[in-house]
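# Structural characterization, general
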Number of protein chains: 2
Amino acid sequence: MNVRTLCLAILNCGDSTGYEIRKLVSEGHFSHFVDASYGSIYPALNRMEQEGLVVSRQEEQEGKPNRKVYSITSDGQAEFSAALTKPAQKDLFKSEFLLLAMCAELMDPEALSRAIDEQLEYLKAELALIDAHVEEVDMAGANWVGDYGRACLSSALNYLLTNRADLEEIAKQARAKPVLIAAE
Amino acid sequence: MNVRTLCLAILNCGDSTGYEIRKLVSEGHFSHFVDASYGSIYPALNRMEQEGLVVSRQEEQEGKPNRKVYSITSDGQAEFSAALTKPAQKDLFKSEFLLLAMCAELMDPEALSRAIDEQLEYLKAELALIDAHVEEVDMAGANWVGDYGRACLSSALNYLLTNRADLEEIAKQARAKPVLIAAE
DNA sequence: TAGGCCATGTAACCGGTTACATGATTAG
DNA sequence: CTAATCATGTAACCGGTTACATGGCCTA
């Protein structure tokens, strides 16, 4: 899923500006499963306007800069539909924390404990964000997606809380033993 | 986490070749939370050898091409430790499926059902992979990480199985009603 | 005999981020 | 007076992927 299609998806739900799209995808209720920055959103919007997939109008505001409000066209909707029809890409998940956890035996116990604390905070923050966003959004799918996210995050959180000691034990015991590599 | 550090992490667990590293990170037991391809692994390994973070030796094999086996040096271990000590990057999660789900009301019900089926298959396949990998690996952290993954994936799977009908209903009802956008 | 696995590597490309430029307004 | 928010945009950079080149061996 490239930024282009992402913008179409959001504009298909209603008119918006580049600024608002960025907020949605990197802080708002879309931010849990997509991301994009100004540097990719604005050029994408401009190019799509040239191609006739979206149109824009200037909106003046008092005390604030002008907004450039984009609307999706029927061509844009067609392109978006086409994107929806073909099989979705697989989820992408990258976790530095799990890499650390995998290498627990090589880690300094304190550094590991710190990493666990941070992961715990991160998971809690994500859960809180979902709660905050779901309230303020009225898309039909949003609640469903919110609950999906809660299910995953809370089971991760729960696992981490109840099993962190086991992981920390691995780091401690490895530290107690003489390092194997040195023995070779 | 860049490819460089990823290679160091793996070499810190034991000697390996570029070919093996790629297998581990994109098909093996690391593939659930990291990824990298030949085009980034080989250059990273070469550069790190120049910098003295790793060393290599040729190993001849009968009936197969030579292997270039890399070992981490003490300089490499130092760099890796440094990377472990500083706060880990947050998890990165991108999901085209959740984007579709969010836009359920705009989707063709059949396309949505297909997407759900595919997501279900994907989650099952990931779970099966974990089971397969955990058996063949002896790293201390691997079981812990495997269980973490199972916790997340199985709750996602479970949620999807028990709640897919609700999502499908959103798509169907939106289709039944006249499209709102057209009414504007 | 075709295709897949082993194994290493490179070059072109690309989708994106980071950092910057600009500038008014409002809140602390 | 400072920092943040609103708002749009660009240019340089970068980390990575894709696709290709090479070539022997093994399996269907």
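Reading the values: rules and limits
- Residues numbered from 1 in each chain as written.
- Chains lettered and ligands numbered in written order.
- Predicted model: local features only at pLDDT ≥ 70, side-chain atom pairs only at ≥ 80, totals over all residues.
- Heavy atoms only, no water.
- Near = heavy atom within 4 Å.
- Polar contact = N/O pair within 3.5 Å; in protein donor to acceptor, adjacent residues only side chain to side chain.
- Helix = DSSP H or I, 4+ residues; strand = E, 2+ residues; numbered from the N terminus.
- Nonpolar A, V, L, I, M, F, W, Y, C, P; charged D, E, K, R; others polar.
- Contact = heavy atoms within 4.5 Å.
- Salt bridge = Lys/Arg side-chain N within 4 Å of Asp/Glu carboxyl O.
- Buried < 20%, exposed > 50% of the residue type's maximum accessible area, 1.4 Å probe, protein only.
- Buried area = accessible area lost by both parts, 1.4 Å probe.

Attention now goes to the protein's contact with DNA strand D. Around DNA strand D sit 23 residues in total, of which Y19, Q61 and K68 of chain A together with S37 and S40 of chain B are the nearest. At the protein interface, 69% of the atoms of DNA strand D within 4 Å belong to sugar or phosphate. Side-chain polar atom of Q61 of chain A to a phosphate oxygen of DNA strand D: 2.4 Å apart, as the coordinates give it. Within the side chain of S40 of chain B, an N or O atom sits 3.0 Å from a phosphate oxygen of DNA strand D. Listing elements by their share of the surface near DNA strand D, those giving two or more residues are α2 (18–26), α3 (38–50) and β2 (64–72) of chain A together with α3 (38–50) of chain B. Partitioned by chemical class, the residues of the surface near DNA strand D number eight nonpolar, eleven polar and four charged.

Quick look at the side chain of S95 of chain A now. Tracing the chain through its elements places S95 of chain A in the loop between β3 (92–94) and α5 (96–102). A distance of 3.1 Å separates a polar atom in the side chain of S95 of chain A from the backbone nitrogen of L98 of chain A. What S95 of chain A contacts, discounting residues up to four positions off in sequence, is F33 and D91 of chain B.

By the definition in use, this model includes 26 salt bridges over all chains. Note that R67 of chain A and E20 of chain A form a salt bridge whose closest N and O atoms lie 2.8 Å from each other. One end of the pair, R67 of chain A, is in strand β2; the other, E20 of chain A, is in helix α2, with 47 residues separating them in the sequence. Residue classification places R67 of chain A among the partly exposed positions, given a relative accessible area of 22%. A salt bridge links R57 of chain B to D15 of chain B; the shortest N-O distance between them is 3.3 Å. With R57 of chain B in strand β1 (residues 54–61) and D15 of chain B in the loop between α1 (3–12) and α2 (18–26), the pair connects residues that are 42 residues apart, well separated along the chain. Under the relative-accessibility criterion, R57 of chain B is labelled partly exposed at 38%. A residue is classified by how much of its surface remains accessible, and D15 of chain B, at 43% relative accessible area, is partly exposed. Sharing partners across several salt bridges, the network here consists of D15, E20, R57, E59 and R67 of chain A.

As a further point, take the interface of chain A and chain B. Each partner contributes to the interface: chain A provides 58 residues, whereas chain B provides 58 residues. Taken over both partners, the interface formed by chain A and chain B buries close to 6000 Å², and the fraction arising from carbon and sulfur atoms is 69%. Counting every contact that joins chain A to chain B gives zero salt bridges. Our count for the chain A to chain B interface comes out at 23 residue pairs in polar contact (both at pLDDT 80 or more). Among the elements of the structure, α1 (3–12), α4 (74–85), β3, α5, α6 (109–136) and α7 (140–176) of chain A are those that each provide at least two residues to the side of chain A that touches chain B.

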